[in-house]
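Residues per chain are reported as follows:
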2 protein chains.
Amino acid sequence: MRDAFHEDLDSLSDQLVEMTRLAASAMARATTALLDADITLAESVIENDVRIDDMREQLDIKAIDLLARQQPVATDLRIVVTAMRMSADIERMGDLARHVAKIARLRFPHSAVPADLRATILQMGQVAERIVTKAGSVIAAKDAEAAMTMERDDDAMDDLHRELYEHLQDEKWQHGTETAVDMTLVGRYYERFGDHAVSVARRVVFLVTGEWEPEQLTDHEEREDSAH
Amino acid sequence: MRDAFHEDLDSLSDQLVEMTRLAASAMARATTALLDADITLAESVIENDVRIDDMREQLDIKAIDLLARQQPVATDLRIVVTAMRMSADIERMGDLARHVAKIARLRFPHSAVPADLRATILQMGQVAERIVTKAGSVIAAKDAEAAMTMERDDDAMDDLHRELYEHLQDEKWQHGTETAVDMTLVGRYYERFGDHAVSVARRVVFLVTGEWEPEQLTDHEEREDSAH
């Protein structure tokens, strides 16, 4: 049987997994709200983001309390510090889902997404949901190997993002500037969502291997070389 | 005379101040590069971002080492944890300056900024430089009162951001979609830069008052109610 401290550490991990579940659900619903111009769904994503924020707050309070009371070292210290970083990433993913939902709400009763971009946005939503769900599994299983495959998963998001921007900048674009602005922001939100999922994965690698590598600290976006 | 541990804590603070100085310089130069289509300046911002990344890495390694070796509690623990959060904010500010510089490089030899938006972008750059410089002073002086005025400083950025988006979405917009996409992203980068400076300020408030408030944890953007 584990002692109380290690049970606390396990509960940090459980909370992180639950946060990824909420972020996955938020982004899936935000994508549907955006594509279907569903104002009720959009509102629910916007309102429920506070649940992820609260979980982050509770997790961080708990983590600081563990640092103060238990004074962990080595692996245990890494677990606590890494949990705080992951909670920041996942909370931000919730914010990004909320941003997508806000664009859905802003354009209601119309859909912000023109017909010729629906397939791209749908796929970005699906990749986002898949990648954050995988991040949750990686945290739960402390699976560094699976974590290391997540950059590849995120490449699919980067490809879709590039495709979206190329489409926007095509001379044949006929949907006006307002829609271009909306789609630029939406594209950025999905891309950043993927980046934060990759950050989470990197932190699991750090947790398991104990090695500091600059790539595990800096933002994933750092090393991309997209047009922007 | 201070003991070695408290000298280490002071040096964390000094490093954070130095990081804000680098971020201020990066954003000032990125703004000039963007407005003047100065490719050399843009390249230097892009290349030098690694200096901020390295400082963050060093600071975080130092902070974790202090947690492990000194096992700080109470105020000292708050200083270490808060320093790690601030370093993440400021590193991200450097990334955002780099993003602005990348748009300057992408559109070279042209300026990405149309004539009728030059004044707005110039002001966004100036507000960004002012706010991050103030964040540096606030860290150096542990000045919670000044920190609490920084949300107001950031309101100027939010106003400019709103003005920019209104301009982009005006029917009279005549600069095409590519420029609209560029300006949408640039506007977002400046706005986020301001948000991170406000986050830094909030963390100083936490450091001084020792009170956890949700607003000190969640992203500043959280409470804004802009169109997007």
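Quick summary incoming for the structure in this document. Computed from a predicted model, the values in this text were never measured in an experiment.

1. Description of the side chain of T82 of chain A
Residues and elements named next belong to chain A.
Point 1. Checked against the element boundaries, T82 lands in helix α3 (residues 74-107).
Point 2. Its relative accessible area of 2% is what places T82 among the buried residues.
Point 3. Contact partners of T82, with chain neighbours within four places excluded, come to R203, F206 and L207.

2. Looking at the nonpolar core
Point 1. If you look at the biggest cluster of nonpolar residues, it comprises 152 residues, and the most contacted ones within it are L34, I121 and Y190 of chain A together with L34, I121 and Y190 of chain B.
Point 2. If near-sequence neighbours (up to four positions away) are discounted, L34 of chain A is found in contact with V100, I103, A104, S111, A112, V113, I121, V186 and Y190 of chain A.

3. Remarks on unusual backbone geometry
Residue and element names in this part refer to chain A.
Point 1. Between F108 and P109 the backbone carries a cis peptide bond, its omega angle lying at 10°.
Point 2. Locating P109 in the fold gives a position in the loop between α3 and α4 (118-141).
Point 3. The residue A74 is not glycine, and still its phi comes out positive at about 50°.

4. Some thoughts on the environment of P109 of chain B
Point 1. The class for P109 of chain B is exposed, based on a relative accessible area of 58%.
Point 2. Residues P109 of chain B and L41 of chain B, spaced 68 residues apart in sequence, show a C-alpha to C-alpha distance of 13 Å.

5. Quick word on the environment of R92 of chain B
Residue and element names in this part refer to chain B.
Point 1. Within the fold, R92 resides in helix α3 (residues 74-107).
Point 2. The buried category is assigned to R92, whose relative accessible area is 8%.
Point 3. When the C-alpha atoms of R92 and I52 are compared, they prove to be 9.2 Å apart, with 40 residues separating the residues in sequence.

What counts, and where the lines are drawn
- Residues numbered from 1 in each chain as written.
- Chains lettered and ligands numbered in written order.
- Predicted model: local features only at pLDDT ≥ 70, side-chain atom pairs only at ≥ 80, totals over all residues.
- Heavy atoms only, no water.
- Helix = DSSP H or I, 4+ residues; strand = E, 2+ residues; numbered from the N terminus.
- Buried < 20%, exposed > 50% of the residue type's maximum accessible area, 1.4 Å probe, protein only.
- Contact = heavy atoms within 4.5 Å.
- Core = buried A, V, L, I, M, F, W, Y, C linked by side-chain atoms within 4.5 Å.

Function cannot be read off these values alone, since they describe shape.
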